[in-house]
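# Inside the fold
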Amino acid sequence: MAKFDFDLFVIGGGSGGVRAARVTAGLGQKVGLAEGSRMGGTCVIRGCVPKKLYVYASRFVEDFELAPSFGWTLGEPRFDWRTLVAHKNAEITRLEGLYRRGAESAGVQVFSEYAGLEDAHTIRLASGATVTADKILIATGGRPQRDLMGAPGAEYCDVSDDAFDWEELPKRLIVTGGGYIALEFAHIFHAFGVDTTVIVRKPKVLRGFDEDMRDALHSSMERRGIKVLTERLLTAVDKEGDHLIACTTAGERLAADKILLAWGRTPNTGGLGLEKAGVVTAKNGRIDVDGYSRTAVENIYAIGDVTERLSLTPVAIHEAMCFVKTAFQDTPTRPDHALVPTAVFTTPEIGTVGMSEERALEHGHAIDVYKSTFRPMRTVLAGTGDRMVMKLVVEQKTDTVLGCHIFGPDAAEIVQIVAVAMKMGATKAQFDATLALHPSIAEELVTMRTKSYSKDA
Ligand code: NDP
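The structure displayed is predicted, hence computed values, not measured ones.

Going through the model one piece at a time under the given rule, you end up with 37 salt bridges. Here arginine 38 and glutamate 96 are joined by a salt bridge, their closest N and O atoms 2.8 Å apart. In this pair, arginine 38 sits in the loop between strand E2 (31-34) and helix H2 (41-46) while glutamate 96 sits in helix H4 (residues 81-105), placing the two residues 58 residues apart along the sequence. Overall, glutamate 96 belongs to the buried group, its relative accessible area being 16%.

What follows is about the sheet that holds strand E20 (residues 388-395). Taken together, the six strands give an open sheet; going across it, the order is E17-E18-E21-E20-E19-E22, and neighbouring strands pair in antiparallel fashion. Sheet topology places strand E17 (342-344) and strand E22 (453-455) at the edges, where each strand pairs with a single neighbour. For this sheet, the mean inter-axis angle between neighbouring strands, taken without regard to orientation, is 15 degrees. Across the sheet, helix H7 (residues 211-224) touches strand E18 (349-354), strand E19 (367-374), E20, strand E21 (401-408) and E22, and the angle it forms with E21 is around 5 degrees.

It is worth spelling out the site of the ligand at this point. Around the ligand, the surrounding shell holds 20 residues, and the nearest of these are Gly178, Arg201, Arg207, Ser311 and Ala343. Between an oxygen atom of the ligand and a main-chain N or O atom of tyrosine 180, the distance comes to 3.3 Å. A distance of 2.8 Å separates an oxygen atom of the ligand from a polar backbone atom of serine 311. Out of a free accessible area of 900 Å², the ligand has 77% covered by protein chains. The greatest single-element share of the shell around the ligand, amounting to three residues, is contributed by helix H6 (residues 180-191). Residue composition of the shell around the ligand, grouped by class: nine nonpolar, five polar and six charged.

The end-to-end C-alpha separation of H4 is 36 Å, in line with the 36 Å expected for 25 residues at 1.5 Å each. Looking only at H4, the buried set comprises Trp81, Leu84, Val85, Lys88, Ile92, Leu95, Glu96, Gly97 and Ala103. The elements touched by buried residues of H4 are helix H1 (15-26), H2, helix H3 (48-66), strand E3 (109-111), helix H5 (160-163) and H6. Where H4 ends, the next residue or the one after it, glycine 107, has phi of about 105 degrees, a positive value.

On inspection of all chains with the given rule, the structure shows 16 aromatic pairs. Measuring from centroid to centroid gives 5.4 Å for tyrosine 54 and tryptophan 81, while their planes differ by 65 degrees, and the two rings are edge-to-face. Here tyrosine 54, found in helix H3, pairs with tryptophan 81, found in helix H4; they are 27 residues apart in sequence, far enough to count as distant. Like tyrosine 54, the residue tryptophan 81 is buried in the burial classification. Seen from their ring centres, phenylalanine 60 and phenylalanine 64 are 6.3 Å apart, and the 35 degrees between their planes marks the pair as tilted. Highlighted residues: phenylalanine 60 and phenylalanine 64, both in helix H3, separated by four residues, approximately one helical turn. Members of the aromatic cluster, each reached through a chain of ring pairs, are Tyr54, Phe79, Trp81, Phe164, Trp166, Phe185, Phe189 and Phe192. Lysine 30 extends its terminal NZ or CZ atom over the ring of phenylalanine 6, reaching a point 4.9 Å from the ring centre.

Conventions used here
- Residues numbered from 1 in each chain as written.
- Predicted model: local features only at pLDDT ≥ 70, side-chain atom pairs only at ≥ 80, totals over all residues.
- Heavy atoms only, no water.
- Salt bridge = Lys/Arg side-chain N within 4 Å of Asp/Glu carboxyl O.
- Helix = DSSP H or I, 4+ residues; strand = E, 2+ residues; numbered from the N terminus.
- Buried < 20%, exposed > 50% of the residue type's maximum accessible area, 1.4 Å probe, protein only.
- Pairing = 2+ DSSP bridges.
- Axes fitted to C-alpha atoms, helices over the stretch in contact; angles between N-to-C directions.
- Contact = heavy atoms within 4.5 Å.
- Near = heavy atom within 4 Å.
- Polar contact = N/O pair within 3.5 Å; in protein donor to acceptor, adjacent residues only side chain to side chain.
- Areas by Shrake-Rupley, 256 points an atom, 1.4 Å probe, with all protein chains shown as cover.
- Nonpolar A, V, L, I, M, F, W, Y, C, P; charged D, E, K, R; others polar.
- Expected span 1.5 Å × (residues − 1).
- Phe/Tyr/Trp six-rings, centres within 6.5 Å; stacked < 30°, edge-to-face > 60°.
- Lys NZ or Arg CZ within 6 Å of the ring centre and 35° of its normal.

Below, the structure is given as structure tokens:
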């Protein structure tokens, strides 16, 4: 008789957990997976997928605005929020089904309930039953922070999970935070006609991104009519009649119908019983892992957002694949977190891979910077103020492209492919040797012949 009920038990049915479970079952191992919410996790149910659908919905506004410059006459476009929410719900239900069927058809036994640890090999399910497993993988992800950093009134505020399914669009929205979620939601709701204000504690949005990207997005938001209030914190949120009042450190009392808290996420480790098994967490609940995603307990691993390495879906999936090689294929494999491309789906969007100019200098590189700012052809006839910004950060010593940063339409699509070249160690000379595809936006990346400036660390 087998020593354990399962060779692998996965807690969490998001992108990382499902991938690990499915692939391990495909190797002939006995795999169980517990998910107390909906299969698919943050990305599918309340993150990347519904967000991108809303981004698509929001971008029709720009098409309507540009259409007359290309000779079109349109009627009055009308937007119905509830239709969008219903269609989004149908799509995520379809994807949820695919996730479940994909796992089950690979042989994974799915438990639709929450689970926690009793000891290093025992899992207690919410129903009260216990199962045992040789190896355990924790892939429970994270959730938006709901508190107001100690200030009163958090109960009146919402987080991104709520915003996807608001009954109706607010007239006035205040978003706190200047990261991915805050800025993406601000752009989405602004495009739907919501009077939107973003409050950030620093002088600029998107800390950690290349300064040129931060500046370009910041001024684009202001030009579009998204208000950005900088160097402020919320001190309280009050309810007055049917609306909310956001009090700030600048002494303002700003009225809104909804206040969206988007200032970071918290790892989902509460109630998991990690201490019973000896799994070590940081103060905020993040699970500490080594380079192979192994926790302090030899047979327990953790991947994805719960480890707060890089909270991105493709990273969680990559970590899952490395975990399977390490734990079940006798090939210890470290996840590679270098040169991960990422995008902020504002409108226009930011696509970025590799080092920002500032980071390259911090790392001691002497660099050449190639920068181009121009009006995208699509908006030229309408004469909007939109400017595209493209930037390559090149190491002087080796001519290697260290970073590529794009602000403008299709930046995400372009950067995905630039990431292939950079992963191969492409040099600026190789970019230059590549023929342009004309007319396109991306051609600018291979036609930037004159360096804008050099900097030495
Ligand atoms: P981010 O880390 O991107 O941004 C958090 C924001 O909240 C920052 O602007 C930060 O400001 C601000 N903040 C943090 N603490 C405070 C505070 N005490 N008071 C005021 N402001 C504060 O987190 P998100 O929640 O937006 O997203 C979480 C993660 O999810 C992202 O890091 C990303 O990995 C992932 N994600 C990816 C997306 C994509 O790929 N398109 C989309 C959405 C999420 P400051 O800069 O000053 O610290």
